[in-house]
Amino acid sequence: MTDAPAGGKLPPLREVIARYGLNASKALGQNFLFDGQLLARIAAVPGDLDGAEVLEVGPGPGGLTRALLAAGANVTAIERDRRCIPALAELGEAYPGKLRVIEGDALAVDAPALFAGRPHIVSNLPYNVGTALLVGWLTAEWQPWWQSCTLMFQKEVAERIVASANDDAYGRLAVLSQWRSSARIAMPVHRSAFTPPPKVMSAVVHIVPGEAPEGVEVRVLERITAAAFGQRRKMLRQSLKGVPGALAGLEQIGIDPTRRAETVGVDEFVALARVVGGAG
Ligand code: SAM
């Protein structure tokens, strides 16, 4: 691990942290990244960012922000920890007009309103905040207001996002992430890359929105997957009992009602949501 800044003239991140008293707060899920090479690799995941708009949630002391700025991005960063704001302001001075910092809770900020075009989202967040934000972004109006998401998660959450039917990690998050987007693990990240190191390994997930299948409403798909995976060990004829039209829908599209949710592929859930939505 190196402590080299991603820019040129910037002080090392550890110095910034000491100067601004940014001791990692457990309550805010702070695990910082200092390795300039690793940060540059994460910033490269969305592709060429030269001149692109990027939303970064949770910049903290600004390690990933530096890498995004060095890649030529125009960065809008939302950070909840007020202690980080002066450090980020200093970073903004090194990249005039390229960094906009918003102090606030990303769960409450109207992020789409901040952009005229469609930004890339790049973020290393506490996993619970990241999952809540991701579900919001995935269930947004389509075509979404964002161009791609590059997000750090606990490895176990990353696996849930990219899982296929019959994988242990397969569930609602996989269906929501894949029914109209492609999702992949871009790189694993060892726990020792973070300061302080978390207990578990992490991975960067890359999600790119695609075409929405016709005739499928996200609220119907959400209702079906919530019911089906809420009782994932039960047969569909039991778990989907409370969803109007679902049992008739299974029959209509030829899905055996004795199957369990974990065996039902993303395309099959989409087909079911289409006939259930059409019936309602
Ligand atoms: N991006 C930095 C890095 O990679 O070193 C910091 C990552 S740290 C895991 C997560 C950051 O998200 C912290 O700076 C924390 O204060 C911030 N954060 C946590 N919850 C947040 C929220 N709801 N809205 C905005 N920022 C949040």
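One numbering rule holds for all chains: residues counted from 1, following each sequence as written. Local features in this predicted model are restricted to residues whose pLDDT is 70 or higher, and side-chain atom pairs enter the listing and the counts only when it is 80 or higher, whereas totals over whole chains, interfaces and linings include all residues.

The protein is annotated in an unreviewed UniProt entry as Ribosomal RNA small subunit methyltransferase A of Sphingomonas taxi. Under the UniProt heading Subcellular location (unreviewed entry), the note attached to the protein is "Cytoplasm". UniProt positions are given in the numbering used here, feature names are shortened, and annotations may be inferred rather than shown by experiment. Among the UniProt annotations of the protein, the heading Catalytic activity (unreviewed entry) holds the following wording: "adenosine(1518)/adenosine(1519) in 16S rRNA + 4 S-adenosyl-L-methionine = N(6)-dimethyladenosine(1518)/N(6)-dimethyladenosine(1519) in 16S rRNA + 4 S-adenosyl-L-homocysteine + 4 H(+)".

1. Description of the sheet that holds strand β4 (residues 99-103)
With mixed pairing, the 7 strands of this open sheet are ordered in space as β4-β3-β2-β5-β6-β9-β7. A strand with exactly one partner marks an edge of an open sheet, and here the two such strands are β4 and β7 (181-189). Strand-to-strand twist across the sheet, computed as the mean angle between neighbouring axes with direction ignored, equals 20°. Criterion used throughout: strands pair if DSSP finds at least two bridges between them. Strands are runs of DSSP state E lasting at least 2 residues, helices are runs of H or I lasting at least 4, and numbering of each runs from the N terminus. Relative to strand β9 (residues 202-209), β7 runs antiparallel, the two being bridged by 8 bridges. By the bridge assignment, Ser-182 is partnered in β9 with Val-208. Lying over the sheet, helix α5 (residues 127-138) contacts β2 (53-57), β5 (120-124), β6 (148-154) and β7, oriented at roughly 150° with respect to β6. In this analysis an axis means a line fitted to C-alpha atoms, helices contributing only their contacting stretch, and an angle means the value between N-to-C directions, from 0 to 180 degrees. Residues are defined as contacting one another if the C-beta atoms placed from their backbone atoms lie within 7 Å.

2. Here we look at the UniProt feature "domain: Ribosomal RNA adenine methylase transferase N-terminal" (unreviewed entry) in the protein
As recorded in UniProt, the sites labelled "domain: Ribosomal RNA adenine methylase transferase N-terminal" (unreviewed entry) are residues 38-211. End C-alpha atoms of residues 38-211 are separated by 32 Å, and the span's content is 30% helix alongside 27% strand.

3. So, the site of the ligand
The rule is simple: place the C-beta atom from the backbone, and if it lies within 6 Å of a molecule or strand, the residue is near it. Inspection of the region around the ligand gives 24 residues, with Gly-58, Gly-60, Asp-81, Ala-106 and Asn-124 positioned closest. Put simply, the parts of the chain that give the shell around the ligand at least two residues each are β1 (32-33), α3 (63-70) and β3 (74-79). Each residue is assigned to one class: nonpolar for Ala, Val, Leu, Ile, Met, Phe, Trp, Tyr, Cys and Pro, charged for Asp, Glu, Lys and Arg, and polar for all the others, Gly among them. Residues belonging to the shell around the ligand are distributed by class as follows: 13 nonpolar, 7 polar and 4 charged.

4. A few points about the nonpolar core
Each nonpolar core consists of buried Ala, Val, Leu, Ile, Met, Phe, Trp, Tyr and Cys residues. Their C-beta atoms, within 7 Å, join them into a set. Counting other C-beta atoms within 10 Å of a residue's own tells you its class, since 20 or more makes it buried, 12 or fewer makes it exposed, and anything in between is partly exposed; those C-beta atoms are placed from the backbone. Ala-43, Leu-68, Val-205, Ile-224, Phe-269 and Leu-272 are the most contacted members of the largest nonpolar core, which totals 82 residues. Among the elements that line this core, the one with the most residues is helix α11 (residues 266-279), at 7 residues. Domain start and stop positions are those given by an automatic or database domain assignment. Each of domain 1 (13-209) and domain 2 (218-279) gives at least three residues to this core. Those residues in contact with Ile-224, other than ones at most four positions away along the chain, are Leu-240, Val-243, Ala-246, Phe-269, Leu-272, Ala-273 and Val-276.

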